[in-house]
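Listed here are the chains, written in short residue letters.
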Amino acid sequence: MTSGAESGTAVSLQVSGLAYAYPDGTQALFGVDLTITRGERVALLGPNGAGKTTLVMHLNGILTAGHGTVEVAGLPVRSDTLREIRRRVGLVFQDPDDQLFMPTVREDVAFGPANLGLRGAELDRRVRDALDRVGMLEAMDRPPHHLSFGQRRRVAVATVLAMEPEILVLDEPSSNLDPASRRELAEILRNLDVTVLMVTHDLPYALELCERSLILSEGVIAADGPTRSLLADDELLAAHRLELPYGFAPSAHPR
Amino acid sequence: MSAGHHHALYVPGDTPVHRLPPQCKLIAALGFAVAVVATPREAWGAFAVDALLLAVVAVVARIPPGMVLRRMVIEVPFVLFAVAIPFIGLGERVEVLGVSLSLPGLWAAWNILAKATLGVVASILLAATTEPRAMLLGAERLRLPSLLVQIAMFMLRYMSVILDQARRMRIARESRGFVARDIRQAPVLARSAGALFIRSYERGERVHLAMLSRGYTGQMPAVHDLPASGRQWGAAAVLPVLALTTALIARSLA
Ligand SMILES: Nc1ncnc2c1ncn2[C@@H]1O[C@H](COP(=O)(O)OP(=O)(O)O)[C@@H](O)[C@H]1O
Ligand SMILES: [Mg+2]
């Protein structure tokens, strides 16, 4: 934000006209446009198969756009910017067992910052700091497979926080969590001061954590607005195969 | 997985052997094995000295002898093979309890048994005093090809995940009435194994993506400093040097 080129509110993530087809011909994205400003927490809602994961994989260049562009804090995702892009975009995968691949929690959290060139005391500080932010400092020397699922998900968040990302992107963060772990993770996410894009079909979770929501449906952004008003629109939800849990009324849940 | 924090082979402890840097212990075990192999098979005394050296290491490391014996079962295939040789071997024969045995066969069997036993016990002691993770760091430190070390590291991390998946698949099979009774069920098991392989492969792809996402470029970042002092190398060298000296004396006497 010190750069003079950025005026007004800084943009964390800008996606324009993004289209993508898998090599087998499945067209997953048909032209996605979205803008997220720094400090926002935004939910990306959509039914299974809507293209959410495909979109997320474009944000740090794992998949590269067929058409359109992705920019992170002004830097376009291209093969020559990948290194910096992957530092700026912290991706938390759906299955923590995919994300935690090192033999101990400490080494896992250190993996990202070490790839950025950090060593010694500075690296150690990053690791402790990230684990502390998700309340997992005491698990530092344990192997990931000895942690509970909820703890593993928190450590997975720490692995990307350690890279001090511009934006944190979480794919289905509440899936497979019991109610207590779900609430603990919500508290952690709410208290982080980073930009968050949270992909989910857990509508109450979106309402709880995100002021603003986007609906991705059949490869395009079908709606963009305050979470509360999107969730109050029964027709909109039904049109995109989104459902609130039985008996859940958004109006009854003040923030 | 509730078996605690440590790997099954590792025996937690804080003895001088446990404290040695892993790379020193790896080299010591390797050197010992080389010395044992270089010992002439007729040198009974030399093997006795080697066995005594290992016994001293076990005592210093406080590894119970019973545990070492139990773990030696992995040697059973060698033993069976060795036992067969004197019967099928050619050459000069001797009568033992009325059974005719091949003399060169007996020597060959003894050679295999003695050397394999010493090598296996040395490996058991190494594994019992070095955490698997430390072993890998030691291997890295010794500049073993980093690809091999990474593969071993992922095996260490994902073995339990894959075994868990295999167990869930077995439970799913059995809760639908499947019983593996004889060879006719083999196709079902083969398909299960295939599915397990595919799932593991897909997991590998996802893990690779996760690694790329955090800046992986093909090399594990070397963050560990595992310094070994001259004294530690010296301490670790005692075992292989004594074994090698024994082998050399045995050779010069032979
Ligand atoms: N590797 C792949 N190859 C081909 N098609 C895929 C692949 N991954 C996903 N798809 C298809 O792309 C579409 C979007 O998938 P995805 O992004 O995973 O959806 P979501 O995460 O919203 O459930 C789906 O129709 C899915 O079948
Ligand atoms: Mg998905």
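Residues numbered from 1 in each chain as written. Chains lettered and ligands numbered in written order. Predicted model: local features only at pLDDT ≥ 70, side-chain atom pairs only at ≥ 80, totals over all residues. Heavy atoms only, no water.

Q: I keep staring at the overall build of chain B and nothing clicks. Help me out?
A: Counting its regular elements, chain B contains ten helices and two strands. The order of helices and strands in chain B, counted from the N terminus, is α-α-α-α-α-β-β-α-α-α-α-α. Taken against the 2.2 N^0.38 rule, which gives 18 Å for 254 residues, the C-alpha radius of gyration of chain B at 23 Å runs more than 25% over that of a compact globule. Counting only C-alpha atoms and orienting by the principal axes, one finds that chain B spans roughly 60 × 55 × 30 Å. For chain B, with 254 residues in total, the buried portion stands at 36%. Of the contacts made within chain B by residues no fewer than 6 positions apart, 73% connect residues no fewer than 24 positions apart. Across chain B, the centroid of the 26 positively charged side chains sits 7 Å from that of the 14 negatively charged ones. (Helix = DSSP H or I, 4+ residues; strand = E, 2+ residues; numbered from the N terminus. Rg over C-alpha atoms; globule rule 2.2 N^0.38 Å. Buried < 20%, exposed > 50% of the residue type's maximum accessible area, 1.4 Å probe, protein only. Contact = heavy atoms within 4.5 Å. Lys, Arg positive; Asp, Glu negative; His and termini not counted. Charge placed at Lys NZ, Arg CZ, Asp CG, Glu CD.)

Q: Teacher, can you tell me more about the packing of aromatic side chains here?
A: When we look at a pair of aromatic rings, we describe it by the centre distance and by the angle of the planes. Summed over the entire model, instances satisfying the criterion amount to eight aromatic pairs over all chains. Between Tyr20 of chain A and Tyr22 of chain A the ring centres are 5.2 Å apart and the planes differ by 85 degrees, which places this aromatic pair in the edge-to-face class. (Phe/Tyr/Trp six-rings, centres within 6.5 Å; stacked < 30°, edge-to-face > 60°.)

Q: Looking at this structure, I do not really get the interface of chain A and chain B. What am I missing?
A: Contact residues are listed per partner, giving 31 residues for chain A and 29 residues for chain B. Taken together, both faces of the contact between chain A and chain B bury some 2,600 Å²; the carbon and sulfur share is 58%. Together, Asp98, Phe101 and His145 of chain A form the three largest contributors to the area buried by chain A at its contact with chain B, with a combined 24%. Applying the counting rule to chain A against chain B returns five salt bridges. Two residues, Asp98 of chain A and Arg206 of chain B, come together in a salt bridge whose shortest N-O distance is 2.5 Å. Connecting chain A to chain B are ten residue pairs in polar contact (both at pLDDT 80 or more). Looking at the side of chain A that touches chain B, the elements with two or more residues in it are helix H2 (82-88), helix H3 (96-99), helix H4 (105-115) and helix H6 (149-161) of chain A. A per-element tally of the side of chain A that touches chain B places H4 of chain A first, with six residues. Residue composition of the side of chain A that touches chain B, grouped by class: 15 nonpolar, seven polar and nine charged. (Buried area = accessible area lost by both parts, 1.4 Å probe. Salt bridge = Lys/Arg side-chain N within 4 Å of Asp/Glu carboxyl O. Polar contact = N/O pair within 3.5 Å; in protein donor to acceptor, adjacent residues only side chain to side chain. Nonpolar A, V, L, I, M, F, W, Y, C, P; charged D, E, K, R; others polar.)

Q: Could you clarify how one ought to interpret the pattern of salt bridges in this entry?
A: Once the charged atoms of two side chains with opposite charge are near each other, the side chains can pair. Residues and elements named next belong to chain A. The final tally for this structure, using the stated rule, is 26 salt bridges over all chains. Here Glu187 ties to Arg183 by a salt bridge, and the two come within 3.3 Å at their closest N and O atoms. With a gap of four residues between them, Glu187 and Arg183 both fall in helix H7 (residues 179-191), about one helical turn apart. When its relative accessible area of 36% is taken as the criterion, Glu187 is described as partly exposed. The class for Arg183 is partly exposed, based on a relative accessible area of 44%. A salt bridge links Arg212 to Asp224; its shortest N-O distance comes to 3.0 Å. Of this pair, Arg212 sits in strand S9 (residues 212-217) while Asp224 sits in strand S10 (residues 220-226), and the two are twelve residues apart along the sequence.

Q: Quick question: what am I supposed to make of the domain arrangement of chain B here?
A: It is common to report an interface's size as the accessible area lost on association of the parts. Taken domain by domain, chain B holds domain 1 (16-138 + 228-253) and domain 2 (143-213). The C-alpha-based centres of domain 1 of chain B and domain 2 of chain B are spaced at 34 Å. (Domains from an automatic or database assignment.)

Q: Please explain helix H7 (residues 132-141) of chain B as it appears in this structure.
A: Note: α-helices contain 3.6 residues per turn, so residues at a spacing of three or four share the same orientation. Every buried residue of H7 of chain B is accounted for by Arg133, Leu136, Leu137, Gly138 and Ala139 of chain B. Considering only its buried residues, H7 of chain B is in contact with H4 of chain A together with helix H2 (22-38) and helix H8 (146-174) of chain B. Phi turns positive one or two residues past the end of H7 of chain B, at Arg143 of chain B, with a value near 60 degrees.

Q: For this particular structure, what's the right way to read the site of ligand 1?
A: All names here are of chain A. Neighbouring residues of ligand 1: Tyr22, Asp24, Thr26, Ala28, Pro47, Asn48, Gly49, Ala50, Gly51, Lys52, Thr53 and Thr54. Tyr22 is positioned such that a nitrogen or oxygen atom in its side chain is 3.5 Å from a nitrogen atom of ligand 1. Between ligand 1 and Gly51 there is a distance of 3.0 Å, counted from an oxygen atom to a backbone nitrogen or oxygen. Considering only residue class, the shell around ligand 1 consists of four nonpolar, six polar and two charged. (Near = heavy atom within 4 Å.)

Q: It is not clear to me how a nonpolar patch on the surface should be interpreted in this structure. Could you clarify?
A: There is a patch of nonpolar side chains on the surface, built from Phe78, Val79, Val83, Phe87, Ile88 and Val99 of chain B and spanning about 540 Å² of accessible area. When residues of the nonpolar patch are assigned to their parent elements, the largest contribution, five residues, is made by helix H5 (residues 76-88) of chain B. (Patch = residues over 30% accessible without salt bridge, like charges linked within 9 Å, V, L, I, M, F, W, Y side chains within 5 Å. Areas by Shrake-Rupley, 256 points an atom, 1.4 Å probe, with all protein chains shown as cover.)

Q: Looking at this structure, I do not really get the UniProt feature "transmembrane region" (unreviewed entry) in chain B. What am I missing?
A: Residues annotated by UniProt as "transmembrane region" (unreviewed entry) correspond here to residues 43-61, 73-90, 110-130 and 142-160 of chain B. This span, residues 142-160 of chain B, is 79% helix and 0% strand, and a straight line between its end C-alpha atoms measures 27 Å. (UniProt positions renumbered as here; feature names shortened; annotations may be inferred.)

Q: Explain unusual backbone geometry here, please?
A: Excluding glycine, most residues fall at negative phi; most peptide bonds, likewise, are trans. Residues and elements named next belong to chain A. Here Ala73, not a glycine, exhibits a phi torsion of approximately 45 degrees, which is positive. Along the chain, the position of Ala73 falls in the loop between strand S4 (67-72) and strand S5 (75-76). Despite not being glycine, Glu164 shows a phi value in the positive range, around 45 degrees. Structurally, the position occupied by Glu164 is in the loop between H6 and strand S7 (167-171).

Q: Before we go on, may I ask you to explain the environment of Pro179 of chain A in this structure?
A: In this structure, Pro179 of chain A sits in helix H7. When the C-alpha positions of Pro179 of chain A and Glu40 of chain A are compared, they lie 25 Å apart, and in sequence the two are 139 residues distant.

Q: Is there a simple way to think about H5 of chain B in this case?
A: Residues and elements named next belong to chain B. For H5, which comprises 13 residues, the first-to-last C-alpha distance of 19 Å matches the rise-based estimate of 18 Å (1.5 Å per residue) to within 8%. Within H5 the residues assigned to the buried category are Ala82, Ile85 and Pro86. For H5, the buried positions fall inside an angular range of 85 degrees around the axis, keeping them on one side. In H5, the exposed positions that point more than 90 degrees away from the buried face belong to Pro77, Leu80, Phe81 and Ile88. Against strand S1 (93-96), strand S2 (99-102) and helix H6 (103-129) lie the buried residues of H5. (Expected span 1.5 Å × (residues − 1). Arc of directions from axis to C-beta.)

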